[in-house]
Amino acid sequence: GMPLRLAQSSCACGADWTIVQSLEKVDRVKQFVGYSFISGRLINESRFSLFFNSMNFAFVALANGMRYSKRSRAAAESLTPKVKIWEYNSRLIGANLNLREKRFLAHCELEDGEEITAHCPNPGAMKGFGLETKPSVVLTKSTDTKRKLPWTLECVKVKDNWVNCNTMLPNRVIAAALRQRAIPELDDYVSVQSEVKYGTQNSRIDFVLTSADGVETYLEVKSVTLREDFAGNQPVATFPDCKSTRGKKHMEELRDICQKKNKKSVVLLFVNRTDVNAFAPSNLDPDYKRAFYDAVASGVKPLPYVFETDPETGEVFLYGQTLPVLEEHQTPELEKKRKPSSKRSTRVNKKKKK
C-alpha cells in the first residue's frame, strides 16, 4: 500500500527514516517490534505495519508525520528497537586513555586535565580498541574508601562506536534481563540460580534456569568486544580476542551437559558494540573456534545479542533480535601449523645423538 511505496521510494533516494512511537500488532507476529531493511535501507518503528511473508520481516512506514534521522545508524541497529535493561548507579565521566599498563591499570586524563589511574576490568588483550591512539573513554568513580583505585574504566570510543570493556557488566545486565524476561529464548523458567558448579572440569556456570517441568537450561555469558571485517567488508563480532583456554573448556562443558536428559545449554554472546551484523568465533584462538562449532553441532544454542551503553545517561540497552551466527565455511580458514624445517630437525637429531 501507500506506506510501503513511500518507504521504498524514500530509501531508494538514500534516506534513513526514523519512525516514531510504536508498531501495531501484526497477525502471526507475537509482540513484534522491530526494524527492517527495505532496499538495503533502514526503517524503524511505525504506526503502520505490514507483514511481508517472503522477507519474513515487518515492513513499516508512516503515511504522514515522518521525519528524517540524520544520524547514521549502525549495522546491528537494523535488527530491532532497543530496550533499556540496566543503568549505572553512578555518573559516567569522560576522559582520555593515555596508557593501559599491566592489563589492569588504565592511566587517564580527565576533561579538567587531572591525571588519574583507573582499574581496567578486562583481562583480555583488548584487541581492536585502538588503545595506542589515546581514545576517549568514560569512567565511573566509587565512593568506597577502601578501594585502592576508586576509578573504573567502563567504555572506550572506537571510531564512532562506544564499546563497553567492563567484563563484569554482562552478568549484571543479563541477571536484570532475566528478571524482566526480556530474552524470548530464555523466558520459560520458574527459578534462576547463579554461579553453579557443574561438569567434569571444575567449572561454574553463570546461570541455571529451571522450568516448571524440571528442565534445566545452563547459560554461559561471554563478553564480546572485537570486530573483524570478513570478506566483502562484512563487519563481524568475534570472540575471543586472544587465546582462551577457559572459553574452550566452557564450550566443552556445555556440549557435554546438553547430552543429558532434561538439560539444555546456551551460550549468550554479549556483543558490546552496534557496528556489526553477524557473529563468529575468532581465528585468534583456533582451539576455541573448533570447540564452538563442535558444541553448536552437538546441541548448544548460541545467542549473540547486541547491547549498547549510553555514555551520557549510563543506560544499557538490549537490541531484541539475535545476530546471525556464521557457519564455519563462511569464516576465514584457520592457518595450518607449519612443520619444522628439515634442517632444523636434522640439527635436533644430531644433538640427541651426541
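All residue numbers refer to position in the chain's written sequence, counted from 1. For this predicted model, a pLDDT threshold of at least 70 governs which residues receive local features, and a threshold of 80 or more governs which side-chain atom pairs are given and counted, while totals over whole chains, interfaces and linings are taken from all residues. As a rule here, side-chain values come from all non-hydrogen atoms in the structure, and water together with hydrogens is ignored.

So, about helix H2 (residues 169-180). Secondary structure is summarised from DSSP: a helix means a run of H or I of at least four residues, a strand means a run of E of at least two, and numbering begins at the N terminus for each. Take the number of residues in a helix, subtract one, and multiply by 1.5 Å to get its expected span. Relative to the 16 Å expected for 12 residues at 1.5 Å per residue, H2 spans 17 Å between its end C-alpha atoms, a close match to the ideal helical length. Exposure classes here rest on a 1.4 Å probe applied to the protein chains alone. A residue is buried below 20% of its type maximum, exposed above 50%, and partly exposed in between. Residues Leu169, Pro170, Val173, Ile174, Ala176, Ala177 and Leu178 constitute the buried set of H2. Arginine 181 sits one or two residues past H2 and shows a positive phi near 50 degrees.

In this section: the packing of aromatic side chains. Put simply, two rings from Phe, Tyr or Trp (the six-membered ring, in Trp's case) pair if the centres are within 6.5 Å, and we call them stacked under 30 degrees between planes, edge-to-face over 60, tilted for the rest. Using the criterion set out here, one finds 7 aromatic pairs in the structure. Taking 5.0 Å as the distance between ring centres and 70 degrees as the angle between the ring planes, the aromatic pair formed by tryptophan 86 and tyrosine 88 counts as edge-to-face. Considering the side-chain rings of phenylalanine 239 and tyrosine 288, the 5.3 Å spacing of their centres and the 75 degrees angle between planes classify their relative orientation as edge-to-face. Taken together, the positions of phenylalanine 239 in strand E18 (residues 234-239) and tyrosine 288 in helix H4 (residues 286-297) put the pair 49 residues apart, joining distant regions of the chain. Across this residue pair, the class does not change: phenylalanine 239 and tyrosine 288 are buried. Aromatic ring contacts, followed pair by pair, group Phe239, Phe279, Tyr288, Phe292 and Tyr293 into a single cluster.

On to the sheet that holds strand E14 (residues 191-198), then. At least two DSSP bridges between two strands are needed for those strands to be called paired. On the basis of which strands lie adjacent, the open sheet formed by 7 strands has the order E7-E22-E21-E19-E16-E15-E14 and mixed pairing. A strand with exactly one partner marks an edge of an open sheet, and here the two such strands are strand E7 (82-87) and E14. Adjacent strand axes in the sheet meet at a mean angle of 35 degrees when their direction is disregarded. Pairing of strand E15 (residues 203-210) with strand E16 (residues 216-224) involves 4 bridges; the strand directions are antiparallel. Bridging from a neighbouring strand, phenylalanine 207 pairs with leucine 219 of E16. For helices, the fitted axis covers only the stretch in contact; all axes are lines through C-alpha atoms, and the angles between them, taken along N-to-C directions, range from 0 to 180 degrees.

Taken together, 3 strands build an open sheet; the order of strands is E17-E18-E20 and the sheet is mixed. Strand pairing shows two members of the sheet lacking a second neighbour, strand E17 (226-230) and strand E20 (278-281), which therefore form its edges. Direction aside, the axes of adjacent strands within the sheet are offset by 45 degrees on average. Alignment of E17 against E18, held across 5 bridges, turns out to be antiparallel. Paired with leucine 226 across the strands is threonine 238, a residue of E18. Docked against the sheet, H4 engages E18 and E20, running at close to 115 degrees with respect to E20. Working rule for contacts: check all heavy atoms of both residues, and any pair within 4.5 Å makes them a contact.

Time to look at unusual backbone geometry. Of note, the amide linkage connecting phenylalanine 239 to proline 240 takes the cis form, showing an omega dihedral of -5 degrees. Relative to the assigned elements, proline 240 resides in the loop between E18 and helix H3 (245-257). Of note, the phi angle at arginine 181 is positive, near 50 degrees, even though the residue is not glycine. According to the relative accessible area criterion, arginine 181 is partly exposed, its value standing at 41%. Backbone geometry places glutamate 195, a non-glycine residue, at a positive phi of 50 degrees. With respect to the secondary-structure elements, glutamate 195 resides in strand E14.

For H4, which comprises 12 residues, the first-to-last C-alpha distance of 17 Å matches the rise-based estimate of 16 Å (1.5 Å per residue) to within 8%. Here H4 has its buried residues at Tyr288, Lys289, Ala291, Phe292, Tyr293 and Ala295. Buried positions along H4 lie against E18, H3, strand E19 (263-271), E20 and strand E21 (301-309). Where H4 terminates, the next one or two residues include glycine 299, which has phi positive at roughly 120 degrees.

Right, let's talk about the nonpolar core for a bit. Most often, soluble globular proteins have nonpolar side chains that are buried together. Core analysis: the largest hydrophobic core is formed by 31 residues, its most contacted members being Met251 and Leu254. Mapped onto this core, the elements with two or more residues apiece are E14, E15, E16, E18, H3, E19, E20 and H4. The biggest single contributor to this core is H4, with 5 residues. Setting aside residues up to four positions removed in sequence, leucine 254 forms contacts with Tyr198, Ile205, Tyr218, Glu220, Ser265, Val266, Val267 and Val300. By size, the runner-up hydrophobic cluster in this structure holds 27 residues, among which are Val173, Leu186, Leu268 and Leu303. Nine residue types can take part in a nonpolar core, namely buried Ala, Val, Leu, Ile, Met, Phe, Trp, Tyr and Cys, and a core is a set of them joined through side-chain atoms within 4.5 Å.

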